Amino acid sequence: MVKISSILKEVLTEIKPSEKELEYIEKTLSIYRKKIKRNIQTRRINAEVFVGGSTAKGTLIRKDYYDIDVFLRFDKKYKNEALSDIAEKAIAGIKNTRIHGSRDYFRIKAGGNLFFEIVPVRRITNPREAENVTDLSYSHVNYIKKKIKSQKILDEIRLAKAFCYANNAYGAESYVSGFSGYGLELLIYYYKSFLKLVKEIAKMNTDFNNKIVIDIEKHHKNRGRVLMDLNEAKLKSPIVLIDPTHRQRNVLAALSRETLENFQNECRDFLKKPEKEFFIKKSFNVKEKKKLADGKGYDFASLKTTTNKQEGDIAGSKLLKFYRHLRSELEKFYDIKGSGFEYKDGKNALCFFSVKRKPWILVQGPKIDDKNNVARFKSAHRKVFTKNRRFYSKEKNNLSLKSFVQLWKKKNIKKLKEMSISKLEIA
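Attention shifts here to the overall build of the chain. Along the backbone of the chain there are 15 helices and 15 strands. Each of the three principal axes of the chain carries a C-alpha extent, and together these read 75 × 55 × 50 Å. Put simply, the chain has 427 residues, and 47% of those count as buried. For the chain, contacts bridging at least 24 residues in sequence account for 65% of all contacts bridging at least 6. By element, 48% of the accessible surface of the chain is carried by carbon and sulfur atoms, the whole surface being about 23,400 Å². The chain carries 92 positive and 51 negative side-chain charges, and their two centres are separated by 4 Å.

A separate point is unusual backbone geometry. In this structure, Lys218 takes a positive phi of about 50 degrees despite not being glycine. Here Lys218 lies in the loop between β6 (212–214) and α9 (223–229).

It is worth spelling out the nonpolar core at this point. Generally speaking, nonpolar side chains in soluble globular proteins are found buried as a group. With 48 residues, the main nonpolar core has Phe179, Leu187, Phe194, Ile201, Phe270 and Phe279 as its most contacted residues. Contributions of two or more residues to this core are made by α1 (2–15), α5 (137–147), α6 (151–166), α7 (181–191), α8 (194–203), β7 (239–243) and α10 (257–272). Ranked by residues supplied to this core, first place goes to α6 with eight residues. One finds Leu60, Ile68, Ala87 and Ile118 within the second-largest nonpolar core, a separate group that totals 28 residues.

We now examine the sheet that holds strand β14 (residues 390–396). One open sheet accounts for three strands, arranged β12-β14-β13; its pairing is antiparallel. Unpaired on one side and paired on the other, β12 (360–367) and β13 (384–387) mark the two borders of the sheet. Going from strand to strand, the sheet's axes swing by 35 degrees on average, the running direction of each strand aside. As paired strands, β13 and β14 are joined by four bridges and run antiparallel to one another. Across the sheet, Thr386 pairs through a bridge with Phe391, a residue of β14. On the sheet, helix α13 (residues 371–380) packs against β12, β13 and β14 and is oriented at approximately 155 degrees with respect to β12.

Bringing the packing of aromatic side chains into the picture now. Following the criterion strictly, the structure yields 27 aromatic pairs and no others. A ring pair is formed by Tyr323 and Phe341, whose centres lie 5.4 Å apart and whose planes are at 35 degrees; its orientation type is tilted. Linking Tyr323 in helix α12 (residues 313–330) with Phe341 in strand β10 (residues 334–343), this pair joins segments that are 18 residues apart in sequence. Ring plane angle 20 degrees and centroid distance 5.6 Å describe the contact between Tyr323 and Phe353, whose orientation is recorded as stacked. Here Tyr323, found in helix α12, pairs with Phe353, found in strand β11 (residues 348–357); they are 30 residues apart in sequence, far enough to count as distant. Neither residue differs from the other here; Tyr323 and Phe353 are each classed as buried.

The next point concerns the side chain of His246. Residue position: His246 is located in strand β8 (residues 246–250). Among the residues examined, His246 registers a relative accessible area of 16% and is labelled buried. Excluding residues within four positions of it along the chain, His246 makes contact with Pro127 and Leu136.

A few words on empty space enclosed by the protein. Taken as a whole and assessed by the stated rule, the structure comprises one cavity of 30 Å³ or more. Lining of the largest cavity is provided by Ala160, Phe163, Cys164, Leu184, Phe194, Leu197, Val198 and Phe263. Of all the secondary structure elements, the ones that give two or more residues to the lining of the largest cavity are α6 and α8. Of the residues that constitute the lining of the largest cavity, the class distribution is eight nonpolar, no polar and no charged.

Taken as a whole and judged by the stated rule, the model has 29 salt bridges. Residue Glu156 pairs with Lys152 through a salt bridge whose shortest N-O separation is 3.4 Å. With Glu156 and Lys152 both in helix α6, this residue pair falls four residues apart, about one helical turn. Note that Arg249 and Asp243 form a salt bridge whose closest N and O atoms lie 2.9 Å from each other. Both residues of the pair, Arg249 and Asp243, belong to the buried class. Overlapping salt bridges bring together Glu48, Arg73, Asp75 and Arg123 as one network.

With that out of the way, let us pick up α7. Here α7 lies mainly inside the structure; 10 of its 11 residues are buried. Listing the buried residues of α7 in full gives Gly181, Tyr182, Gly183, Leu184, Glu185, Leu186, Leu187, Ile188, Tyr189 and Tyr191. Lys192 lies just past α7 and shows a positive phi near 80 degrees.

A few words now on the sheet that holds strand β15 (residues 421–426). Across the sheet, which stays open at both edges, the four strands sit in the order β10-β11-β9-β15 with antiparallel pairing between neighbours. The open sheet terminates on both sides in strands that have one partner only, identified here as β10 and β15. The mean inter-strand angle of the sheet, taken between neighbouring strand axes irrespective of direction, is 20 degrees. Here β10 pairs with β11 via nine bridges, running antiparallel. Paired with Gly338 across the strands is Ser354, a residue of β11. The strands that helix α11 (residues 286–295) touches are β9 (299–307) and β11; relative to β9, the one it contacts most, it runs at about 150 degrees.

Here is what the cut-offs are and how they apply
- Residues numbered from 1 in each chain as written.
- Predicted model: local features only at pLDDT ≥ 70, side-chain atom pairs only at ≥ 80, totals over all residues.
- Heavy atoms only, no water.
- Helix = DSSP H or I, 4+ residues; strand = E, 2+ residues; numbered from the N terminus.
- Buried < 20%, exposed > 50% of the residue type's maximum accessible area, 1.4 Å probe, protein only.
- Contact = heavy atoms within 4.5 Å.
- Areas by Shrake-Rupley, 256 points an atom, 1.4 Å probe, with all protein chains shown as cover.
- Lys, Arg positive; Asp, Glu negative; His and termini not counted.
- Charge placed at Lys NZ, Arg CZ, Asp CG, Glu CD.
- Core = buried A, V, L, I, M, F, W, Y, C linked by side-chain atoms within 4.5 Å.
- Pairing = 2+ DSSP bridges.
- Axes fitted to C-alpha atoms, helices over the stretch in contact; angles between N-to-C directions.
- Phe/Tyr/Trp six-rings, centres within 6.5 Å; stacked < 30°, edge-to-face > 60°.
- 1 Å grid on protein atoms, 1.4 Å probe; cavity = no way out; pocket = protein on both sides within 12 Å on 5 of 7 lines; lining within 4 Å.
- Points joined across faces, edges and corners; volume = space filled by probe spheres on them.
- Nonpolar A, V, L, I, M, F, W, Y, C, P; charged D, E, K, R; others polar.
- Salt bridge = Lys/Arg side-chain N within 4 Å of Asp/Glu carboxyl O.

Here it is as structure tokens:
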């Protein structure tokens with residue numbers, strides 16, 4: 001416990017943005033807010049500007065780059081589908097990139113490592129009026145600021161965010177399927193400390209019938225009522241965390257079982273042998289992975305994939321989906337001993353596979369009454385047999401992993417296009 005306490009104290013000093021960084025963010029933010037407010041007034045747009053996310057709540061952690069959420073809160077008179085177009089007028093004259101999503105928002109590069117995300121939302125008084133989850137952002141900021149005034153708890157939140165970020169579990173984006181910032185803030189508020197959260201996650205049973213249900217404001221009578229009252233789609237996550245500002249919303253709905261189970265392993269390892277390295281962002285080292293595979297006699301390949309979709313959540317999701325598809329294709333020919341996927345930004349991702357070749361593969365042929373194709377199948381395969389009224393052939397598997405990828409690529413040009421993959425190459 002003494003060692004963990006010492007590590008957390010040291011980590012905290014390193015993950016807090018410096019005074020210089022905070023001053024730069026605040027100064028730059030002030031300049032852009034003035035520009036936006038001027039546009040709003042000139043164009044007589046009924047909207048207000050407010051800063052959200054970690055910046056507003058005092059839970060910002062140091063990163064290679066900062067994404068600051070700036071919300072344009074529009075009057076209800078504007079139609080939902082028009083908000084993004086009106087927001088674009090509000091930032092006229094400021095260089096930006098429009099990001100497509102359930103409601104388009106805008107990304108502004110404000111400095112070397114500083115970005116502002118301009119998000120249009122509706123000015124609502126009742127959570128039920130929200131037409132998009134971002135419409136609740138104002139309520140989320142106010143709830144956290146009202147409930148968490150202790151610097152100690154704010155620091156515990158920073159530790160939780162840094163730990164999740166380092167272990168690829170921070171973010172509700174579909175290519176991460178992890179803990180949102182708001183979700184971590186609520187979990188720390190509930191458990192009171194980072195260490196208690198880690199201990200609870202480490203021992204958690206991820207089975208559906210035993211899933212954790214947390215209802216901080218007791219919006220529902222009991223755990224059973226939560227599982228009865230919420231829409232089934234919102235109950236798929238292994239942890240259900242009721243939004244204190246909206247009783248029908250699960251804050252952790254994006255959290256996947258896979259992400260949680262991987263994160264659980266990191267929590268258990270940290271508790272067994274606490275080290276500062278658990279708070280350092282992990283990127284797999286291809287050379288190290290290859291050396292490890294070679295040492296065990298496994299076949300190894302690292303691949304670079306590129307999508308033609310918009311960078312961010314859309315690109316990341318497409319690349320992750322393709323990685324999973326390719327993995328399932330490989331499993332027909334190889335025993336997967338290790339694999340990994342990494343998307344950082346842009347339109348590219350890196351993945352690797354460490355495999356052991358299956359000596360034999362089963363090739364599925366046509367049904368026995370498909371005479372034309374049966375004849376072709378028999379001529380193409382020396383030894384065939386039938387099972388469940390279908391022909392099969394057992395073939396030797398002599399393909400190396402890299403040869404398989406190259407052959408699969410040639411045969412699946414149409415599939416690559418359908419999955420929005422513009423490039424697949426051995427890295």
